[in-house]
Amino acid sequence: MNKTNKLRFLVLSLWMLLALPVLAQSQATMQLTDLINKHKLNDKDAQFFREGEGLKMIKMLVGKQAGKKFMKDVSLIAMFDYSALNEAQLQAFHQDLDTQLSAFQEKSISEEERDGNYVRFFFVTLDEENLSDFLSVMEDKEGKMRLLMYLHGKMPIDETEK
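One structure accompanies this document, and this report is about it. Computed from a predicted model, the values in this text were never measured in an experiment.

Let us look at the overall build of the chain. Check the secondary structure of the chain and you find seven helices and six strands. Secondary structure of the chain in N-to-C order comes out as α-α-β-α-α-β-α-β-α-β-β-β-α. Classification of the 162 residues of the chain by burial places 37% in the buried group. Accessible area for the chain stands at about 10600 Å²; split by element, carbon and sulfur atoms hold 56% of it.

Put into structure tokens, the structure is as follows:
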């Protein structure tokens, strides 16, 4: 192998190693990441927790509400605070929720459960017992709190119904 071929092989190998984690992401994760990146006003608005102490801490906090079993196999948590969006930006965000999340299914929520708030839940079904890519979008009546939370990983369906 001459020097040029060795260099090409090395560059190709490095590219493959760097690209594999991106290629391994689910379609739902990519759609969600694109949605957040499109609508965030600055980097402080969106936080992604993939590994380490940050992910463990968020899993512990969310696990108090959702249950430890529900959070056990979650490998990515994204939080997007979009409270600073103006009315036009908010409408564009809502429209993109309707059109850009083709990998997700939406769970219907009654008006009574919404209590006048804007609340939407999305998910990807893995099988009869598990789901993945759980997404919640919540806005209070006054528009002061607008939060998107995304959980990627395997979550037992029976735990979501509690």
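This is not the end of the story, as more comes after the structure.
Turning next to a negative patch on the surface. A cluster of acidic side chains, namely Asp-127, Glu-128, Glu-129 and Asp-158, defines a negative patch on the protein surface. Within the secondary structure, Glu-128 is located in the loop between strand 4 (118-125) and strand 5 (130-139).

So, on to the pattern of salt bridges. Summed over all chains, the structure comprises four salt bridges. Between Asp-43 and Lys-40 there is a salt bridge; the shortest N-O distance is 3.0 Å. On the basis of relative accessible area, Asp-43 is assigned to the exposed category, the value being 58%. Because the salt bridges share partners, they merge into one network encompassing Asp-98, Glu-106 and Arg-120.

Relative to the elements of secondary structure, Asn-130 occurs in strand 5. If we skip the residues at most four places from it in the chain, Asn-130 touches Thr-125, Lys-154, Met-155, Pro-156 and Ile-157.

With antiparallel pairing, the six strands of this open sheet are ordered in space as 1-2-6-5-4-3. For this open sheet the edge positions go to strand 1 (46-49) and strand 3 (105-107), each flanked by a neighbour on one side alone. When strand polarity is set aside, the average angle formed by the axes of neighbouring strands in this sheet is 20 degrees. Two elements, strand 5 and strand 6 (residues 146-156), share eight bridges in a ladder whose sense is antiparallel. Note that in strand 6 the partner of Met-138 across the bridge is Leu-147. Each of strand 1, strand 2 (73-81) and strand 6 is contacted by helix 3 (residues 53-66), which is oriented at about 85 degrees to strand 2, the strand it contacts most. Together, strand 2, strand 4, strand 5 and strand 6 form the strand contacts of helix 5 (residues 87-99), whose direction differs from that of strand 4 by roughly 30 degrees.

About the thresholds
Residues numbered from 1 in each chain as written. Predicted model: local features only at pLDDT ≥ 70, side-chain atom pairs only at ≥ 80, totals over all residues. Heavy atoms only, no water. Helix = DSSP H or I, 4+ residues; strand = E, 2+ residues; numbered from the N terminus. Buried < 20%, exposed > 50% of the residue type's maximum accessible area, 1.4 Å probe, protein only. Areas by Shrake-Rupley, 256 points an atom, 1.4 Å probe, with all protein chains shown as cover. Patch = residues over 30% accessible without salt bridge, like charges linked within 9 Å, V, L, I, M, F, W, Y side chains within 5 Å. Salt bridge = Lys/Arg side-chain N within 4 Å of Asp/Glu carboxyl O. Lys, Arg positive; Asp, Glu negative; His and termini not counted. Charge placed at Lys NZ, Arg CZ, Asp CG, Glu CD. Contact = heavy atoms within 4.5 Å. Pairing = 2+ DSSP bridges. Axes fitted to C-alpha atoms, helices over the stretch in contact; angles between N-to-C directions.

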